[in-house]
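Structural description and commentary
The residues making up each chain are set out below.
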Amino acid sequence: MRVPLSWLREYVDLPAGETGRDVQAKLVAAGLEVERVEQLGVGLSGPLVVGKVLAIEELTEFKKPIRYCQVDVGDANGTGEQQNIVCGARNFSVGDKVVVVLPGAVLPGDFRISARKTYGKTSEGMICSASELGMSDEHDGIIVLPPEHEAGTDAIELLGLDDEVLDIAVTPDRGYCLSMRGVAREAATAYGLPLRDPALLDVPSPNEYGYRVVVEDPAGCDRFTARTVTGLDPEARSPIWLTRRLEKAGMRPVSLPVDVTNYVMLELGQPLHAYDRSRVDGPIGVRRATAGEKFTTLDGTKRVLDPEDLVITDGSGPIGLAGVMGGAHTEIADPVTDPETGAVTGTTEIVVEAAHFDPIAIARTSRRHKLSSEASKRFERGVDPQAASAAAQRTVDLLVLLAGGSAEAGVTEAVTPGGPRTITIPADHPDRVAGVAYGRETVVRRLQEVGCDVHGQDRLTVTVPSWRPDLTDPNDLAEEVIRLEGYENLPSTLPRPPAGRGLTERQRLHRRVGRALAGAGYVEAPNYPFLGEQVFDDFGLEDDDPRRSVVRLVNPLSHTEPALRTTLLPGLLGALHRNHGRGEHDLALFETGLVFRPTGSEQEPGRPDVDGRPTAEEIARLNAALPAQPRRVAVVLAGAREQAGRWGKGRPANWADAVEAGRTVAHEAGVELIVRQDQHAPWHPGRCAALLAEVDGEEVLVGNAGELHPRVIKALGLPERTCAMEIELDRLERAASGPVEAPHVSTFPVATQDVALIVDTSVPAADVESALRAGAGELLESLRLFDVFTGEQIGEGKKSLAYALRFRASDRTLTVEEASAARDAAVAAAAERTGATLRGA
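Residues numbered from 1 in each chain as written. Predicted model: local features only at pLDDT ≥ 70, side-chain atom pairs only at ≥ 80, totals over all residues. Heavy atoms only, no water.

Details of helix 15 (residues 569–581)
Helical geometry note: an α-helix holds 3.6 residues per turn, so side chains three or four residues apart project in the same direction. If you check helix 15, its first and last C-alpha atoms are 18 Å apart, about what 13 residues at 1.5 Å a residue would give, namely 18 Å. What helix 15 keeps buried is the set Leu-569, Pro-570, Leu-572, Leu-573, Ala-575 and Leu-576. Looking one or two residues past helix 15, Gly-583 carries a phi angle of roughly 95°, positive in sign. (Helix = DSSP H or I, 4+ residues; strand = E, 2+ residues; numbered from the N terminus. Expected span 1.5 Å × (residues − 1). Buried < 20%, exposed > 50% of the residue type's maximum accessible area, 1.4 Å probe, protein only.)

What follows is the structure, encoded as structure tokens:
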């Protein structure tokens, strides 16, 4: 809803110096979403005046038609003489009133006007179009004003160019704010000022002389008001003040009758429709459409109606889609001038409709026909049914005033009886909701400002106003009190959880793992927990692989993915494939989540009662019906792991990076992984590692890491040498010895010793590392494998493993002898356990 500030001031006496920004702040504090304040006329300065065209000389010697005009601008130029202006527009003639900008003025965009020579003539100003003044995007011609405005009149004030417009995003529960009346009520409340309600009009009582209306569906239309205006002047045009208000509010002027109905809709929030009485056949009716019934709306589209659509009818059939759009058959005709006689013909008699329709019916019709209109936006959010009569009266008054018509005495009003809505609420209910002691007087005052009638002492009976259909229960009323008292005045209070609550150790591990992988350069990529079983064939899984045993969904989101995942890799590899296909080639993704492993021992859950909380036995049965749901973490890598640059060459991601990701995860649980060679689909049999951890003295498989099999990469369309890792966090948690302890930081220097050990190629490096750790003792701070060498220098079937050992004591500086002794002990342990020999010894 676009709200011109000058229009708003008609209903609320805002302080003289109050700007649009000030009003925006007040309305935002009251709970409205004022998205922006548009400043009209920015950069515009006069003189900008009304001019009368006295003469036009056609300049024909140029490629395009040019006119040299003499224009009377009154005393605006200081001399009273006519202005000579060159203009290319052709939509005006001698005697017309136009908008003239004189030398010295500045138009929007810092376009400065001066007298200059052009097309062989001196142009002393410019005749303006709407786009040049920033009024609209119309470029078809210049502005032609009604003849009653005197030459020399200030056009800035006449056209309302110096104004501010509030752009309000109206939420579905605030439909009343899709009108000046509703926004003015909020502004009046926010400022503590009285409201001049534009709906407070003297409306004649309904009588039997009005246009006949038959409502066949009172549930869909509970109020229908019809008024008739005759003797309209078909040549009457909308005055400038009316068209400018419509333009500022974001609507395009069409014709006087249509502009008046749009104006009243913006003013009071009640959508209206005007029918050409000469085109209406018999009584107006309201009913549901019949199946297959066809109807052409004002936009020229022929629509097939649904039996749930509400339609307005006459003797010929549908003439309007109720609450959405009128029909082409009864629209107001544009005036037509007879070229021979000069007589003007057009609509002279109008039937005005002001009705109230069921919001749900209008919303469904609008969506069904993909036809959203200003009327449907208001009806589906809720329109004040009591405003229909006032809106019809306001429309009649404007048509009589502006088009010279006469209002017929007949007034038709078809009303379905219904009483006001009341809500009973404890007087301290808003206090308990907000945690603030407002007191009864404040609650009553705020509800009365909203428009409610309030009675009672400790328990209030609140009668809700007709324009607030969103107020349905005590919490709605509490919200009104709270927002009007100011959300900013609510104290900041933190909830007090009972002792012993908070994250479980499982949840803490989950979060630590995610932070660690993100810190290592991985990007989290959550996926849907669904898969298609074809992926198991692409992975090359054996027929008896437990991962093929899946839980199938009764109603899957996609028929291609009807099962719950048993591994995280399909979703992650799919994300990697999509990103690679979109030009992202260096990828490192991770995901943490549940997998679903049916055991075959799941029980029938039964159906618990719904009248209370399930018992412990019922909850146990429900849990027993679920498959096992272990929590896992997985990573996938492709492309460069380290980028090339001025610092040196980069390197591609490989199986070792996947293994290192597993170590990163295990470190967060305080577990040292044991890495052994393995063969496990979908990994490459020669580049696959089993990740093990000690649980109660036994080595337990917690996951796998390595490079994917080439056949898997081809089947899934992945980049070459894609790597992956997957670990079961629940097993890793069981391997942990307790909460992770922060490492001790020693202030003493480190002693580094390197050793190169020769072992059989069949001996895993992890076994050698384990032996070195055991032999080095507590002085060993860290150990790192930095080189693997094979060659004839060390013999066939042998490999050399070079390790860097860092020793440090917490209470002293180590001597060379102590560091060397620790290293020798480590080598001796490796020799005893793995048969290693010191290279070069």
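Overview of helix 5 (residues 240–248)
Most of helix 5 is tucked away, with seven of its nine residues classed as buried. Within the sequence span of helix 5, burial applies to Ile-240, Leu-242, Thr-243, Arg-244, Arg-245, Leu-246 and Lys-248. Looking one or two residues beyond helix 5, the residue adopting positive phi is Gly-250, at roughly 95°.

Here's the deal with the nonpolar core
Ranked by size, the top nonpolar core spans 56 residues in total, and within it Leu-8 and Leu-27 carry the most contacts. Of the residues forming this core, the biggest block, nine residues, is contributed by helix 9 (residues 388–403). Counting residues in each nonpolar core, the second largest holds 31 residues, with Tyr-522, Leu-673, Ala-693 and Leu-729 among its members. (Core = buried A, V, L, I, M, F, W, Y, C linked by side-chain atoms within 4.5 Å.)

Side note on the layout of surface pockets
By volume, the second largest pocket amounts to about 1100 Å³. Taken together, 38 residues form the lining of the second largest pocket, with Val-144, Arg-237, Thr-243, Glu-247 and Pro-253 sitting closest to its centre. For the lining of the second largest pocket, the secondary-structure elements that each account for two or more residues are strand 12 (144–145), helix 5 and helix 6 (256–268). Residue contributions to the lining of the second largest pocket peak at five residues, all from helix 5. Looking at side-chain class alone, the lining of the second largest pocket contains 17 nonpolar, nine polar and 12 charged residues. (1 Å grid on protein atoms, 1.4 Å probe; cavity = no way out; pocket = protein on both sides within 12 Å on 5 of 7 lines; lining within 4 Å. Points joined across faces, edges and corners; volume = space filled by probe spheres on them. Nonpolar A, V, L, I, M, F, W, Y, C, P; charged D, E, K, R; others polar.)

Focus: the pairing of strand 6 (residues 97–101)
Taken across its five residues, strand 6 has five buried, putting it largely inside the fold. Residues of strand 6 alternate between two faces, with Lys-97, Val-99 and Val-101 on one and Val-98 and Val-100 on the opposite face, all of them buried. Relative to strand 6, strand 3 (residues 48–59) is paired through five bridges, and the arrangement is antiparallel. Directly across from Val-49, in strand 6, lies its bridge partner Val-100. Of the pairings in the sheet, the one linking strand 6 to strand 12 comprises two bridges and is antiparallel in character. Of the residues in strand 12, the one forming a bridge with Lys-97 is Leu-145. (Pairing = 2+ DSSP bridges.)

Side note on the packing of aromatic side chains
Evaluated as defined, the whole model comprises five aromatic pairs. The interplanar angle of 70° and the centroid separation of 5.2 Å between the aromatic rings of Phe-357 and Phe-379 together place this pair among those described as edge-to-face. Residue Phe-357 is found in strand 25 (residues 350–357), and its partner Phe-379 is found in helix 8 (residues 374–381); the two are separated by 22 residues along the sequence. Under the relative-accessibility criterion, Phe-357 is labelled buried at 1%. With relative accessibility at 3%, the residue Phe-379 sits in the buried group. Aromatic side chains Tyr-528 and Phe-530 sit 6.1 Å apart centroid to centroid with 20° between the ring planes, which places their arrangement in the stacked category. By the ring-pair criterion, three or more aromatic residues cluster together here, those being Trp-7, Trp-241 and Tyr-263. Directly above the aromatic system of Trp-467 lies the positively charged group of Arg-185, at a separation of 3.9 Å from the ring centroid. (Phe/Tyr/Trp six-rings, centres within 6.5 Å; stacked < 30°, edge-to-face > 60°. Lys NZ or Arg CZ within 6 Å of the ring centre and 35° of its normal.)

Comments concerning the sheet that holds strand 1 (residues 2–4)
With respect to topology, three strands assemble into an open sheet ordered 1-13-2, the strand pairing being antiparallel. In the strand order of this sheet, the two ends are held by strand 1 and strand 2 (33–39), each with one partner. The sheet shows a mean angle of 25° between the axes of neighbouring strands, direction not considered. Examined bridge by bridge, strand 2 and strand 13 (residues 164–169) share six bridges and lie antiparallel to one another. (Axes fitted to C-alpha atoms, helices over the stretch in contact; angles between N-to-C directions.)

Structural notes on the pattern of salt bridges
Inspection of the entire model under this criterion finds 62 salt bridges. Ionic pairing is found between Arg-506 and Asp-730, a salt bridge with its closest N-O pair at 3.1 Å. Within this pair, whereas Arg-506 is found in helix 13 (residues 505–519), its partner Asp-730 is found in helix 19 (residues 729–735), the two being separated by 224 residues in sequence. For Arg-506, a relative accessible area of 30% gives the class partly exposed. With relative accessibility at 13%, the residue Asp-730 sits in the buried group. Residues joined in a network through salt bridges with shared partners are Arg-174, Glu-186, Arg-468, Asp-470, Glu-480 and Arg-483. (Salt bridge = Lys/Arg side-chain N within 4 Å of Asp/Glu carboxyl O.)

Brief notes about unusual backbone geometry
Following Ala-681, the chain continues into Pro-682 via a peptide bond in cis, with omega recorded as 10°. In this structure, Lys-370 takes a positive phi of about 50° despite not being glycine. In this structure, Lys-370 sits in the loop between helix 7 (359–368) and helix 8. Judged by relative accessible area, which is 75%, Lys-370 ranks as exposed. The phi dihedral of Arg-721 falls on the positive side, at around 60°, and the residue is not glycine. Tracing the chain through its elements places Arg-721 in the loop between helix 18 (710–716) and strand 40 (723–728). A residue is classified by how much of its surface remains accessible, and Arg-721, at 45% relative accessible area, is partly exposed.

Thoughts on the side chain of Glu-480
Mapping Glu-480 onto the fold places it in helix 12 (residues 474–485). In contact with Glu-480, not counting residues within four places along its chain, are Arg-174, Val-450, Arg-468 and Leu-471. (Contact = heavy atoms within 4.5 Å.)

Considerations on the sheet that holds strand 29 (residues 459–463)
Taken together, the three strands give an open sheet; going across it, the order is 27-29-28, and neighbouring strands pair in antiparallel fashion. Looking at which strands have only one partner, the edges of the open sheet turn out to be strand 27 (422–426) and strand 28 (453–455). Pairwise comparison of adjacent strand axes, ignoring direction, gives a mean angle of 25° for this sheet. Here five bridges tie strand 27 to strand 29, and the two strands are oriented antiparallel to one another. Bridge pairing in strand 29 places Ile-423 opposite Val-462. In the packing of helix 12 onto the sheet, contacts are made with strand 27 and strand 29, and the angle to strand 27 comes to roughly 70°.

Quick look at the packing of helix 5 against helix 6
Where helix 5 meets helix 6, the axes come as close as 10 Å, and the angle between the chain directions of the two elements is 55°. Put simply, helix 5 runs oblique to helix 6. Two packed elements cross with a definite hand, and for helix 5 against helix 6 that hand is left-handed. Residue-level inspection shows Trp-241, Leu-242, Thr-243, Arg-245 and Leu-246 of helix 5 in contact with helix 6, the latter providing Leu-256, Asp-259, Val-260, Asn-262, Tyr-263 and Leu-266. (Parallel < 35°, antiparallel > 145°, perpendicular 65-115°, else oblique. Left-handed = near helix turned anticlockwise from the far one by under 90°.)

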